[in-house]
Amino acid sequence: MRVLVAITRGELGGAQAHVRDLILGLKDRVDFRLIVGEEEGLAEQLAPMIPVQVLPALQRELSPRADRAAYEGLEGALRQHRPQLLHTHSTKAGLLGRVAARRVGVPGLHTAHSWAFSEGIRSSRRVAAVLAEAAVGRVTRGVIAVSEHDRDLALRFRVIPRERLRVVHNGVADSPLRARPESGPPVLTMVARFAAPKDHELLLRAAAQVRGEWRLRLVGDGPELDASRLLAQQLGLGRRVDFTGARDDVPEHLASSSALLLISRQEGFPLSILEGMRAGLPVLASRVGGVAEAVIPGQTGLLVDRGDQQGLSSALQRLVDEPALRASMGARGRARWEQRFTLDRMLSQTLLAYQEVAR
């Protein structure tokens, strides 16, 4: 099967990691080509293995001139390569690509990693996103939601008919590295870009209230990194917080951690939570998007409401104070990952979607 994959940005966030794992996992069964708006990141990783076309006009920001050029580039690629399926990821590539696919006569499948009308996004943008998605939904052959939460949002706002919508939870490949969350002074780790919708500021302010011996490890980079460093100093956390920058050895960092954190204003179905569960870590996360479909409160981790600083501080304190709780939650999280969120499970369900949509 010939599949053209399109995604807007190349920076290695959750959607890009999903696309990378999908392509590498299915490339022996699917003839993939990739279109991406940036040369860095995803394009660099995949270019040695599959044909990659960088389309600079494909960008996140709204720009009539660039958007027209991006649409023409997508339509041209579809006419040239004549894939059996176009699989789009991210909002801009999804909207432009599905319209181009309909015009060329290629079935279009879109994966919604998180809708642009999700909670936590400003109202004006949400209204525009619903109108755009509903219009393009009429010409979309199929949509994959990465969480039941996002499926329910799509149905509530009527952006795609129920019969064209399915849920395929994200999955991650296994790693031999395991954590021992009960041992030593606790190391609390968050792996995320320093950019919206992540809420490093809330995490730092909550952590400043936590007593005892502990360290906070923040893995990632991004435009808000310097502001977070400054805030940590202002809160008196300079010696407690490690800013590692972007790393390619995340499994090693998780194996030396005591808990995985993800504090955010809005999410789809985060890969970092699955990576923490895979490592045998308890998870403390914001109750947003599809997070509650991965983390079972009180069993595999703890959830706090969006923006709840006091609730977050109390949850952090509990993890710091109770090593046995960290161990039991981590073990249950690992078992839940094995049952529900492996990469093989995601690949088989996505391949089935390909076969059904491309008929």
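Placed above this text is the structure.
A brief look at the structure comes next. Please read all numbers here as calculations on a predicted model, not as lab measurements.

Time to look at the sheet that holds strand S6 (residues 142–145). If you walk across this open sheet you meet the 7 strands as S3-S2-S1-S4-S5-S6-S7, and the pairing is parallel. Single-partner strands in this sheet number two, and they are strand S3 (52–54) and strand S7 (165–167). Neighbour-to-neighbour, the strand axes of the sheet open up by a mean angle of 20 degrees, direction not taken into account. For strand S2 (residues 31–36) and S3, the ladder comprises 3 bridges, and the chain directions are parallel. Pairing of Val36 across the sheet is with Val54, part of S3. Sheet strands in contact with helix H1 (residues 14–26) are strand S1 (2–7), S2, strand S4 (85–89) and strand S5 (108–112), and its direction is about 165 degrees off that of S1. Lying on the sheet, helix H14 (residues 343–357) is in contact with S1, S2, S4, S5, S6 and S7; it crosses S7 at an angle near 165 degrees.

Moving on, we come to the packing of helix H7 (residues 200–207) against helix H12 (residues 309–321). Running from amino to carboxyl end, H7 crosses H12 at an angle of 60 degrees, the nearest separation of the two axes being 8 Å. For the element pair H7 / H12, the angle class is oblique. Crossing hand, H7 versus H12: right-handed. Contact residues: H7 offers Leu202, Leu203, Arg205, Ala206 and Ala207, while H12 offers Gln309, Leu312, Ser313 and Leu316. Grouping the constituent residues of the contact of H7 with H12 by class yields 6 nonpolar, 2 polar and 1 charged.

The next subject is the sheet that holds strand S13 (residues 301–304). Read across the sheet, 6 strands follow the order S10-S9-S8-S11-S12-S13 without closing on themselves; strand pairing throughout is parallel. With one partner strand each, in any of the chains shown, strand S10 (241–245) and S13 form the two edges of the open sheet. In this sheet, neighbouring strand axes are inclined to one another by 20 degrees on average, regardless of whether the strands run parallel or antiparallel. With 5 bridges connecting them, strand S8 (residues 187–191) and strand S9 (residues 215–219) associate as parallel partners. Paired with Val187 across the bridge in S9 is Arg215. Together, S8, strand S11 (259–262), strand S12 (283–286) and S13 form the strand contacts of H12, whose direction differs from that of S13 by roughly 165 degrees.

Conventions used here
- Residues numbered from 1 in each chain as written.
- Predicted model: local features only at pLDDT ≥ 70, side-chain atom pairs only at ≥ 80, totals over all residues.
- Heavy atoms only, no water.
- Pairing = 2+ DSSP bridges.
- Helix = DSSP H or I, 4+ residues; strand = E, 2+ residues; numbered from the N terminus.
- Axes fitted to C-alpha atoms, helices over the stretch in contact; angles between N-to-C directions.
- Contact = heavy atoms within 4.5 Å.
- Parallel < 35°, antiparallel > 145°, perpendicular 65-115°, else oblique.
- Left-handed = near helix turned anticlockwise from the far one by under 90°.
- Nonpolar A, V, L, I, M, F, W, Y, C, P; charged D, E, K, R; others polar.

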